[in-house]
Amino acid sequence: MYLLKFDWNPITGIDIIGNFKLHFYSLMWVTAFVIGWYIMKRIFTKEKISLEYLDPLFIYTVLATMIGARLGHVLFYQSELISEDFFSIFLPFSFKGGIQFTGFQGLASHGAAIGIIIGMYLYRKKYNYKSLLWILDRVVISVASGAVFIRIGNFINSEIIGKVTDSSFGVRFIQDEYYKNQIMQLTGINDVKKAYAAVTDNPQFSELLNAVPYRHPAQLYESFSYIFVFLILWFFYSKTNKKDQTGFLFGLFLILLWTVRFFVEFVKEPQGDEYINWFNLNTGQWLSIPFIIIGLYFMFIYKPKHVAK
């Protein structure tokens, strides 16, 4: 019996003009940033920080997240793009074999984390109203909430899928199993949407459906876990005096989020070439360990040299 037994074969976006498609994954990113903005606005209002600093913070955060996530993916998982399709690294288009709008795909959370830290450093240099760690202690609350929606977007896209499972959790990712051209060829249906739909709706193609294995919905595992990461951070910020302990919330965020990532990696399929694969730990797990160690440092060891402005 499968507790989550269902077939995942969704429409991933809305066709607008030609090859342009509004991806629901992109909408999840927009949702993440908008909710993050409202959380930071509430924090700024509560702590009597001028809202004139909020919009620049939003812009720095968006750019730092997207650039860091994209470069992180390329460096950690898909370095061949540097030589094979260089401009696709920075633009939401693929130029290999013709120009095709792809949206922003191939984004790594480790790269996003590094990008956000660098972005906040640059933001702090221009807007010197609080310390860098004061900003990071609060921005990570918004980041944790955003992570919930990003993983939902990954689920919609049938990407970052889990390993095959015979446990009580299992989802069949139809669109991950069969590529667009492949599914049209196998079904004889020239419309890719109708071809995918036929796999689950038409008994004639039951063999194609049965060939799709059940997998862990790793994206949902992460998304659900990040809800608790956000709630824990918000509790410590709003209900305790830990927000006044410089670096504590930033450290707690690093420990909670990357511990979740470390353990979920055990049920994930590789996201690309595994450049690091030591002691049966994959690239994502090894990249998570330094963040956890840094988090422990800021929670239990770090002492500010002076009182933040």
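On a predicted model such as this, the values are computed, not experimentally measured, just so you know.

Thresholds applied
Residues numbered from 1 in each chain as written. Predicted model: local features only at pLDDT ≥ 70, side-chain atom pairs only at ≥ 80, totals over all residues. Heavy atoms only, no water. Phe/Tyr/Trp six-rings, centres within 6.5 Å; stacked < 30°, edge-to-face > 60°. Helix = DSSP H or I, 4+ residues; strand = E, 2+ residues; numbered from the N terminus. Buried < 20%, exposed > 50% of the residue type's maximum accessible area, 1.4 Å probe, protein only. UniProt positions renumbered as here; feature names shortened; annotations may be inferred. Contact = heavy atoms within 4.5 Å. Axes fitted to C-alpha atoms, helices over the stretch in contact; angles between N-to-C directions. Parallel < 35°, antiparallel > 145°, perpendicular 65-115°, else oblique. Left-handed = near helix turned anticlockwise from the far one by under 90°. Nonpolar A, V, L, I, M, F, W, Y, C, P; charged D, E, K, R; others polar. Salt bridge = Lys/Arg side-chain N within 4 Å of Asp/Glu carboxyl O.

Draft legend 1. Just the packing of aromatic side chains, in detail. Per the counting criterion, the structure on display carries 29 aromatic pairs. Here the aromatic rings of tyrosine 53 and tyrosine 129 are separated by 4.1 Å at their centres, their planes lie at 15 degrees, and the arrangement is stacked. Remark: tyrosine 129 occurs in the loop between helix 4 (109-126) and helix 5 (132-156) and tyrosine 53 occurs in the loop between helix 1 (24-46) and helix 2 (54-76); sequence separation between them is 76 residues. Judged by its relative accessible area of 22%, tyrosine 53 is partly exposed.

Draft legend 2. Looking closely at the UniProt feature "binding site: a 1,2-diacyl-sn-glycero-3-phospho-(1'-sn-glycerol)" (unreviewed entry) in the protein. In the numbering used here, UniProt assigns the "binding site: a 1,2-diacyl-sn-glycero-3-phospho-(1'-sn-glycerol)" (unreviewed entry) feature to Arg151. As for its position among the elements, arginine 151 is in helix 5. Contacts of arginine 151, omitting those with residues within four sequence positions, involve Ser109, Ile160, Gln219, Glu222, Ser223, Tyr226, Arg261 and Lys268.

Draft legend 3. Seen up close, the packing of helix 10 (residues 218-239) against helix 11 (residues 248-264). Remark: helix 10 packs on helix 11, axes separated minimally by 10 Å, with the N-to-C direction vectors making an angle of 165 degrees. Our classification of the angle between helix 10 and helix 11 gives roughly antiparallel. Helix-helix and strand crossings are classified by hand; for helix 10 and helix 11 the assignment is right-handed. On helix 11, the residues that touch Ala218, Tyr221, Glu222, Ser225, Tyr226, Val229, Ile232, Leu233, Phe236 and Tyr237 of helix 10 are Phe248, Leu249, Leu252, Phe253, Leu256, Leu257, Val260, Arg261 and Val264. For the contact of helix 10 with helix 11, the class distribution of residues is 16 nonpolar, 1 polar and 2 charged.

Draft legend 4. Local environment of the environment of phenylalanine 95. Here phenylalanine 95 lies in the loop between strand 4 (93-94) and strand 5 (100-101). Separated by 205 residues in the primary sequence, phenylalanine 95 and phenylalanine 300 have C-alpha atoms spaced 48 Å apart. In contact with phenylalanine 95, other than residues within four places in its own chain, are Asp85, Phe87 and Ser88.

Draft legend 5. Expanded view of the pattern of salt bridges. Inspection of every chain in the model, using the stated rule, returns 7 salt bridges. Between lysine 268 and glutamate 222 there is a salt bridge whose closest N-O contact spans 2.5 Å. Of this pair, lysine 268 sits in the loop between helix 11 and helix 12 (283-300) while glutamate 222 sits in helix 10, and the two are 46 residues apart along the sequence. With respect to class, lysine 268 is no different from glutamate 222; both count as buried. Counted as one network, the salt bridges with shared partners bring together Arg151, Glu222, Arg261, Glu265 and Lys268.

Draft legend 6. Highlighting the UniProt feature "transmembrane region" (unreviewed entry) in the protein. Taken from the UniProt record, the annotation "transmembrane region" (unreviewed entry) applies to residues 20-39, 59-79, 99-123, 135-156, 218-236, 248-264 and 284-302. Within residues 135-156, the helical portion is 100% and the strand portion 0%, while the C-alpha atoms at the span's ends are 32 Å from each other. Secondary structure content for residues 248-264 is 100% helix and 0% strand, and the end C-alpha separation is 24 Å.

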